[in-house]
Amino acid sequence: MLADLSPLIAATTRWLTRSYPACGGALAAALGEVQARQAVTVAAWLRYPTPTDAALVVLAGPGGSAGLDWITGADPGGQAQGDDFAWRTWVDEVVASWAACLLTDAGLARPAVAAIADGAHATTGVPVDFRRLVSPDADHRQAAALLRHPDLLAPVAALHRAALHERLGPGQALIA
């Protein structure tokens, strides 16, 4: 049985969509969130490929958003109280960085999706489709203009880009 990565995926998606919000109303926000969630899901499955990896991060916790907030200039400081602070503890910096790489570089997104296709998370019987990540249409691109902007996401993407390239390199197994 796989450990449930949904708190990590939800929190990291929330961090990305709050840091790089969609422009254009509720539909744009929904389209942006779907793209962010797909990127974060792929990144989380790459980062924690086995049931043991997933269970360990759920047990130990992913680390929180403090470093990401500092890099992007966001300071939740006194504003991050109670419920607003709680979800931030589930943000995973490496997953956010990898998701930023996937959102801004289709050349990385396609092999990343291919790499998880036969992994433990994808073989649970639930159909998964990452087409909004790997081949977004014009509406999706417009809705997520900030979320997919390479210059805006560069500081976050650069944090752990090398580790993502290493993970996706030739001959890399998805088992830790």
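Located above this text is the structure these notes cover.
The shown structure was predicted, so the numbers you read here are calculated from the model rather than taken from an experiment.

Caption draft 1: Inspection of the overall build of the protein at higher detail. When you go through the protein residue by residue, the secondary structure sums to 10 helices and zero strands. What you see in the protein, going N to C, is helices and strands ordered as α-α-α-α-α-α-α-α-α-α. Evaluated residue by residue, the protein yields a buried proportion of 43% over its 176 residues. Sequence separation of 24 or more characterises 85% of the internal contacts of the protein that already satisfy a separation of 6 or more. Just so you have it, the protein exposes about 8700 Å², and 58% of that area is on carbon and sulfur atoms.

Caption draft 2: Summary view of the packing of helix α1 (residues 6–19) against helix α2 (residues 26–47). In the contact formed by α1 and α2, the axes pass within 9 Å of each other and the chain directions differ by 130 degrees. On the basis of their axis angle, the class for α1 and α2 is oblique. Note that α1 runs across α2; the crossing there is right-handed. In contact with L8, I9, A10, T12, T13, L16 and T17 of α1, α2 contributes G32, E33, A36, R37, V40, T41, A44 and W45. Taken together, the residues of the contact of α1 with α2 break down into eight nonpolar, five polar and two charged.

Caption draft 3: Local environment of helix α6 (residues 93–104). With 12 residues, α6 extends 17 Å from end C-alpha to end C-alpha; this agrees with the ideal 16 Å at 1.5 Å per step. Among the 12 residues in α6, 10 count as buried, and that is most of the element. Among all positions of α6, only V94, V95, A96, S97, W98, A99, A100, C101, L102 and L103 are buried. The secondary structure elements touched by the buried residues of α6 are α1, α2, α4 (66–72), α7 (106–116), α8 (131–134) and α10 (150–168). By the N-cap criterion, in which a side-chain oxygen at the helix start approaches the backbone nitrogen of a residue two or three places on, α6 is capped by D92, the distance to V94 being 3.0 Å.

Caption draft 4: Quick peek at the nonpolar core. Grouped together as the largest cluster of nonpolar side chains are 45 residues, with contacts concentrated most on L5, W15, V42, L46, L102, L133 and L164. Taken together, the elements giving at least two residues each to this core come down to α1, α2, α3 (51–60), α6, α7, α8 and α10. Ranked by the residues each element gives to this core, the list is headed by α6, at nine residues. Those residues in contact with L133 that lie beyond four places of it in its chain are Q38, A39, V42, L102, L103, A109, V113 and R148.

Caption draft 5: Region of the structure containing the packing of α7 against α10. Close contact between α7 and α10 brings their axes to 10 Å; oriented N to C, the two are set at 50 degrees. In terms of orientation, α7 lies oblique with respect to α10. Here the hand of the crossing between α7 and α10 comes out left-handed. Contacts between α7 and α10 pair L108, P111, A112 and A115 from the former with R161, L164, H165 and L168 from the latter.

Caption draft 6: Highlighting the pattern of salt bridges. Across all of its chains, the model carries three salt bridges by this definition. With a shortest N-O distance of 3.0 Å, R88 and D69 are connected by a salt bridge. Residue R88 is located in helix α5 (residues 83–88), and its partner D69 is located in helix α4; the two are separated by 19 residues in the primary sequence. R88 gets classed as buried once you look at its relative accessible area, which sits at 11%. Taking relative accessible area as the criterion, D69 reaches 4% and is therefore assigned buried.

Rules used throughout
- Residues numbered from 1 in each chain as written.
- Predicted model: local features only at pLDDT ≥ 70, side-chain atom pairs only at ≥ 80, totals over all residues.
- Heavy atoms only, no water.
- Helix = DSSP H or I, 4+ residues; strand = E, 2+ residues; numbered from the N terminus.
- Buried < 20%, exposed > 50% of the residue type's maximum accessible area, 1.4 Å probe, protein only.
- Contact = heavy atoms within 4.5 Å.
- Areas by Shrake-Rupley, 256 points an atom, 1.4 Å probe, with all protein chains shown as cover.
- Axes fitted to C-alpha atoms, helices over the stretch in contact; angles between N-to-C directions.
- Parallel < 35°, antiparallel > 145°, perpendicular 65-115°, else oblique.
- Left-handed = near helix turned anticlockwise from the far one by under 90°.
- Nonpolar A, V, L, I, M, F, W, Y, C, P; charged D, E, K, R; others polar.
- Expected span 1.5 Å × (residues − 1).
- Polar contact = N/O pair within 3.5 Å; in protein donor to acceptor, adjacent residues only side chain to side chain.
- Core = buried A, V, L, I, M, F, W, Y, C linked by side-chain atoms within 4.5 Å.
- Salt bridge = Lys/Arg side-chain N within 4 Å of Asp/Glu carboxyl O.

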